[in-house]
Structures are given as structure tokens and as C-alpha cells.
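# A structural walkthrough
What follows is each chain in one-letter form.
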Amino acid sequence: SWCDSAIAFTDYPVKVKIDNCGDLINSEFSDFGARQLGDSVLYYASARFQFETGNIQTIYLTRIMDAIIRNKKFREGEELGNEINSLDIHNSAPSISSDKKLLVFCRCVPSDTSSNLICNLYESEFLDHQWNLPHKLNDKINLPGYTATQPCIATNGAEGYVLFFASDRPSGKGKLDIWRSYRNTRGDYTQPENIGDSVNSFDDDVTPFFYPPEGALYFASKGKVNMGGYDILRSQLTGNNFSAAVNVGFPINSSYDDLYFSINDNDTTGYLTSNRPGSMFLRGETCCYDIYQFRFTSDERKKWLHKEVKKDAPAKDSIVFKTKIEELDFEFPLKLYFDNDYPDPHTTAVTTERRYNDLFMEYDKKQAEYESMYSGLFKKTEKEDAVIEIRDFFENDARKSFANLDTMCAFLLRKLSSG
């Protein structure tokens, strides 16, 4: 059904011009996470920097850069100084508040237990015409043992600021979720809260960008209806809650990874990051991310925004075309997976008050445990095949079934809403 959606999106493209920012900004390595300050400076991150380790091994690290903008043209990007970039670890995802007083970014190091990076958020204030020495945010934000990354710091009127970020901390909806914390004028942050399953999904939901003039959150997701890889979605803030996320459409989204969406102060231009064809690369046409700039005309921006605000789902979501449950692109009955002797252990009850979403997330997080247990039953030469078998099951059975359930529920909700 997601394939149908991708085809439908391309049949009804958004009228927007998208251009690669060129080799003054991008390199053959990954460049990503662009945020423009006013009309004069672009901040972003690049993974082009060589670093010599103690054992004479060369690795590449990510550092934060800026590029001056003059007459709407970029000058060559330059890395920020050592007060922001720690030279022996990754530095990335710069976000600057609209009042230009706060910079929040992340620093990442390899995990001791996996190939993933563990990231923490840092904050710097703009004082005496420069960014001062950053400090690491407290354990409420940087929960020990988990990652906190890809921040967006937005002004919150006289009350201070609101921080959005991605994290794999407990009590999420699955993998990386988007969380929210409020910062008062004294610099104190509240306990982060998960912003809910209207935005977050069973898969990764990342790169939040909150745009105050719209009261809207833009983010990238692998777990919502999309064209492939990460797609950019939009959710409207009403009161304290976010509406169901809407795919922003093609060509902003492609069948490749599209993320780090941001809008400039002029309301008609902005940036996104993508590995779509046309990006610079070292090996493989889609190996590396580039920064792209998009431009709307004022009229097209208003039309696009009006259309996005008014509808509850993508205009050409495959669900629109399905009139009978039999037309959905999977077989019934659905196979739904969760741990043995759950949802309610040691009982013969046939109903439960537990949410299946929560049960599946608990089960999905145990993939590594199942890989270890199952492969342990085999000889050394067969262990690798056993691990691949479990990974294939989680990816092509368990998670796909969960996504099918989500599609079916959306179909039924649309039917019920239409009478």
C-alpha cells in the first residue's frame, strides 16, 4: 500500500523548486542538518574531517560549520572554532533559537556495546558577539545510557524556550522518538515528555523542526506512510497536542532518505537533507547526504500550507483509493506478535486492557536477545544464518504485520468517519 502512496504522490507533485546547495556547502562526505540564521549565515554539519587516533588510524569525524550568505549566494563553509567543535568526537545538528540567543547541538561517541553512537545535547549562549563555551545539558535531557540527538530549540514567548529532540530512551513508541522539554529563562529544563503517537511510530522518528509562525512541527519518519526511507512529515500543534502527521509530498520527499527539513524567516525558502541522486558521493550514488535548498513562490507556499492544514492524511494516500477491505495489499488474518505469556502473565483471560502498540514495542526491542538465543542452538558455521533468519523475521514478518495493522486501522477510521 505504501508503494501505491508513492506513485500517487508523484502524480500530484508540490510546486516547489529544489536545488543542491553545491560544492561550496556540500562535499563527497555527508553534509546535513542546515539551519539558516536570518539572511546572512547558514549553519550545518559535515563528516569530512580527518582525525588521527592514537594507534595511527585515520577516522572521519563530523563537525559544525557555517557559511556566510551574501546577495543570496553562499561563500565556502568553514568549521566553527574549538569552543564549539570538540576535535576528537562527533559534533552535529546545530539549532539556533529564533531570538538568536541559544545554540543547542549534539556531541556523539561510539557506544561501548554496539556499533551505534551515543549522543548528548550541549548548549551555548551568544554573548559579546560570539558563542560562548558550551555546557552539557543535565541528566533529565541526557539520560545516561541512552542517546539524545538532533535538537530543535524554539522560543516560547516570555516563558523561555521549548526543546524538541530525538531519543531512544524508555517509554517511547519504538526506536528513536521525538521528545519535548521546556526551558525557563533561568536555563532550567523540565522532564522530557514523549509527544505521542500522532507523531511517533514503531520505527525511527527524527530531525524535529518546530516553526512558530505555523505552530507546526516538521520531522522525518520511517514508520509513517512514505515514499521510501525517511520522509518528511508535518504535524499541527493545537493547545498542547499534535495532530496526526501528514506527508508533505513529492518532490520534497523522494524514494530515498529525506530529513532535516527547516524553513527560513522569509517563509518561502528552506533546506532539507537527502541522499537522492544528484548528491555528491564517495562510493555508491546514494551513499552520502547533501544539503538541498527549496523555494516556493508566495502563492504556492500559501496553497501548499492551506492544503496541508485542511486535510487529515496525504491527498493521495493509498487508503483514499481503497473502497473495500479486500483491496488492501495484504492477507487476512493479520499475524500479530508479542512475547509468550503476555499481555497478562499467568492468567487464562482472553481479553486485556493493554495496548497492542506497547506490547509490540516491548517485543521488538528484544530482537538482539532472540538472535543470541536462537543462534546459540546451532554450530559455529550455522550461527550466522540463524542470526540472519531472526533479523529477516523481525523485518519482514513482525514489523510488516504491525504496519499492516496500522494501515487497516486507518482504513477503518476513514470508513467510519465517512458514515
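### Focus on the sheet that holds strand β14 (residues 177-183)
- The strand order across the open sheet formed by four strands is β12-β13-β14-β15, and the pairing between neighbours is antiparallel. Of all the strands in the sheet, just β12 (148-155) and β15 (193-194) have a single pairing partner and so form its edges.
- Direction of pairing for strand β13 (residues 161-167) relative to β14: antiparallel, over a ladder of seven bridges. What sits directly across from Y161, in β14, is R183.

### A short note on the packing of aromatic side chains
- A full pass over the atoms with the stated rule returns 22 aromatic pairs.
- Both rings, one in F202 and one in F402, keep their centres 5.1 Å apart while their planes meet at 65°; by these two values the pair is edge-to-face. Taken together, the residues F202 in the loop between β15 and β16 (205-211) and F402 in helix α6 (residues 380-417) connect sequence positions 200 residues apart.
- Under the relative-accessibility criterion, F202 is labelled buried at 9%.
- Assessed through its relative accessible area of 8%, F402 is described here as buried.
- A centroid spacing of 6.1 Å and a plane angle of 55° characterise the contact between Y370 and F394, whose relative ring orientation is tilted. Note that Y370 is positioned in helix α5 (residues 367-375) and F394 in helix α6, a separation of 24 residues in sequence.
- A residue is classified by how much of its surface remains accessible, and F394, at 1% relative accessible area, is buried.
- Feature note: the residues F202, F338, Y356, F360 and F402 constitute an aromatic cluster, connected by ring pairs.
- Its guanidinium or amino end placed over the ring of W179, R169 lies 5.6 Å from that ring's centre, counting from NZ or CZ.

### Some words on the pairing of strand β17 (residues 216-221)
- Counting buried residues in β17 gives six out of six residues, a clear majority hidden from the surface.
- Taking every second residue as pointing to the same face, both faces of β17 are buried, with A216, Y218 and A220 on one and L217, F219 and S221 on the other.
- In this sheet, β17 lies alongside β16 in antiparallel orientation, the contact comprising five bridges. Bridged to Y211 within β17 is A216.
- Taken together, β16 and the strand that follows it, β17, pair antiparallel across an intervening segment of four residues, in which G215 is found at a positive phi of about 65°.
- Judged from the six bridges that link them, β17 and strand β18 (residues 231-238) form a sheet pairing that is antiparallel. Considered in β18, the bridge of A216 is made with Q236.

### Some words on the pairing of β13
- In terms of burial, β13 is largely enclosed, as seven of its seven residues are buried.
- Where burial is concerned, the two faces of β13 agree: the one with Y161, L163, F165 and S167 and the one with V162, F164 and A166 are both buried.
- Bridge analysis of β12 against β13 gives six bridges, and the strand direction is antiparallel. Each residue of the ladder has a partner; that of A154, found in β13, is V162.
- Taking the residues that link successive antiparallel strands as the turn, the β12-β13 hairpin has five residues, and the phi of G157 there is positive, at about 65°.

### Focus: the state of the cysteines
- Under the defined criterion, the tally for this structure stands at one disulfide.
- Covalent S-S linkage joins C108 and C119, the inter-sulfur distance amounting to 2.0 Å. Disulfide C108 to C119: torsion about the S-S bond roughly 105°, handedness right-handed. Note that C108 is positioned in strand β8 (residues 102-110) and C119 in strand β9 (residues 117-127), a separation of eleven residues in sequence. The exposure classification of C108 matches that of C119, with both residues buried.

### Quick look at the side chain of D205
- Here D205 is to be found in strand β16.
- No salt bridge is formed by the buried D205, whose closest oppositely charged neighbour, K224, lies at an N-O distance of 6.0 Å.
- For D205, the side chain forms a polar contact with the side chain of S221, separated by 2.6 Å.
- Contact partners of D205, with chain neighbours within four places excluded, come to A166, L176, D177, I178, V199, N200, F219, A220 and S221.

Rules and cut-offs
- Residues numbered from 1 in each chain as written.
- Predicted model: local features only at pLDDT ≥ 70, side-chain atom pairs only at ≥ 80, totals over all residues.
- Heavy atoms only, no water.
- Pairing = 2+ DSSP bridges.
- Helix = DSSP H or I, 4+ residues; strand = E, 2+ residues; numbered from the N terminus.
- Phe/Tyr/Trp six-rings, centres within 6.5 Å; stacked < 30°, edge-to-face > 60°.
- Buried < 20%, exposed > 50% of the residue type's maximum accessible area, 1.4 Å probe, protein only.
- Lys NZ or Arg CZ within 6 Å of the ring centre and 35° of its normal.
- Disulfide = S-S within 2.5 Å.
- Lys, Arg positive; Asp, Glu negative; His and termini not counted.
- Salt bridge = Lys/Arg side-chain N within 4 Å of Asp/Glu carboxyl O.
- Polar contact = N/O pair within 3.5 Å; in protein donor to acceptor, adjacent residues only side chain to side chain.
- Contact = heavy atoms within 4.5 Å.

Geometric descriptors of this kind do not, in isolation, establish any biological role.
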